[in-house]
Amino acid sequence: MVCNNRASQSLVRCCASLVFLITFALSTIGCGDETTDPADGDAGAGGTGATGGMGGAAGAPGGGGPGGGGGGGLGPPDPLGPAGEFDLQLNVDGVSRSYVLNVPQSAVDGMASGPVPILFALHGAGDDGGNFIAATQLTTTAATNGFVVVGPHGYNAGWFVQPNEGWPQSDGNNSSLQNDTQFLLDIFAETALSYYLDPNRQYAVGHSRGAGFTALLATTSGQMSIASGPYQTPFAAYGINAGYDPTQGAVDPALTDPKRPVWVIHGSADSVVPTNMGQALADDLIASGWDATWTLVSGASHTWLWQPALGQTNQDLWTFFASHGL
């Protein structure tokens, strides 16, 4: 990671303090056990069991992916890739990463008229991307609204993974954060080769540790590199569900460039990531001039909070995203 001069710290001190504080934050919250169903009101970042190992639809001949032409983001690929769900892999700076790509027929149909949005859904620790997008019913929301949804798999089922959590440091970094971020950027570039995607309507939503990663994607933009090169966020808006600031204030959100809209939502009965941590993140963003919305869900635990029984829905989340483009 490379710190911008505006951070008024040396490169070594800034990066070392960020890694230390992320490690400290992980030791002070109970976000290591998030493997139950995010819709069940318990610990939850995803895992009904029945939706865990979803298979992908058949790809083009000669590959396991969706196939299609080479649009490169300049226009619709010719031919477009098919609708379906695909289990895919990428090599990111020498590290093998995998993800689930869900392309509903409504999104493929919409590409006839123009590029469609894409949502990156970032699971909690111990979960996986395919299970997360199914258990939260984001795949249904994508089909209803005609967008593509991606469920990336975290490294060792986590994000910004530390060496003591299994990060091998084979890319020269002492956490997976840079690799995680480059992974998302590479997914968009790879998917745009087969599908007509709108680079101005990329969105990110995360739960728990995935929400912490979403916060990093938002706040480090323009002041710190968390990718393989200079980092400026491609995301038009963010959703942070039961999340927190993994840096514990080491990254100043007032210095972020650009500041994009954020919806922070948290349950009042969350015993895994305490409510005050989500509240503090939202308060810091608002005080720093962000277009940030804070929603406290009374009585809700560490679960996916955009569900009708709790007063919010995935459609509300998508309406928020759809109202913000670049």
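See above for the structure.
Reference entry: report on the structure contained in this document. Model, not experiment: these values are computed from the prediction.

### Some points on the pattern of salt bridges
Line of reasoning, step 1. Counted according to the given criterion, the structure contains three salt bridges.
Line of reasoning, step 2. Among the salt bridges present, the one from D180 reaches R97, with a minimum N-O distance of 3.0 Å. Within this pair, whereas D180 is found in helix α5 (residues 177–191), its partner R97 is found in strand β3 (residues 95–103), the two being separated by 83 residues in sequence. Per residue, the accessibility class of D180 equals that of R97, and both read buried.
Line of reasoning, step 3. Between E165 and R209 there is a salt bridge; the shortest N-O distance is 2.8 Å. Here R209 lies in helix α6 (residues 209–219) and E165 lies in the loop between β5 (148–152) and α5, a separation of 44 residues in the sequence.
Line of reasoning, step 4. Residue R209 is classed as buried on the basis of its relative accessible area of 4%.

### Quick notes on the nonpolar core
Line of reasoning, step 1. If you look at the biggest cluster of nonpolar residues, it comprises 53 residues, and the most contacted ones within it are L101, V148 and L217.
Line of reasoning, step 2. Top element by residues in this core is α6. It accounts for six residues.
Line of reasoning, step 3. Setting aside its immediate chain neighbours within four residues, V148 contacts L101, N102, V103, P104, A107, M111, V116, P117, I118, L119 and L197.
Line of reasoning, step 4. Grouped together as the second largest cluster of nonpolar side chains are 24 residues, I133, F147, A236 and I265 included.

### Section: helix α4 (residues 138–145)
Line of reasoning, step 1. All buried positions along α4 are accounted for by L138, T139, T141 and A142. For α4, the arc enclosing every buried residue in end-on projection is 160 degrees, short of the 170-degree limit, so these residues lie on one face.
Line of reasoning, step 2. One or two steps after α4, the chain reaches G146, where phi turns positive at roughly 70 degrees.

### Considerations on the sheet that holds β5
Line of reasoning, step 1. With mixed pairing, the eight strands of this open sheet are ordered in space as β2-β3-β5-β4-β6-β8-β9-β10. Two strands lie at the open edges of the sheet, namely β2 (84–92) and β10 (292–297), each paired on one side alone. Within this sheet the neighbouring strands show an average axis-to-axis angle of 20 degrees, counted without direction.
Line of reasoning, step 2. Across the face of the sheet, α5 comes into contact with β2, β3, β4 (116–122), β5 and β6 (197–207) while running at roughly 45 degrees to β3.

Thresholds applied
Residues numbered from 1 in each chain as written. Predicted model: local features only at pLDDT ≥ 70, side-chain atom pairs only at ≥ 80, totals over all residues. Heavy atoms only, no water. Salt bridge = Lys/Arg side-chain N within 4 Å of Asp/Glu carboxyl O. Helix = DSSP H or I, 4+ residues; strand = E, 2+ residues; numbered from the N terminus. Buried < 20%, exposed > 50% of the residue type's maximum accessible area, 1.4 Å probe, protein only. Core = buried A, V, L, I, M, F, W, Y, C linked by side-chain atoms within 4.5 Å. Contact = heavy atoms within 4.5 Å. Arc of directions from axis to C-beta. Pairing = 2+ DSSP bridges. Axes fitted to C-alpha atoms, helices over the stretch in contact; angles between N-to-C directions.

Taken by themselves, the reported measurements are silent on function.
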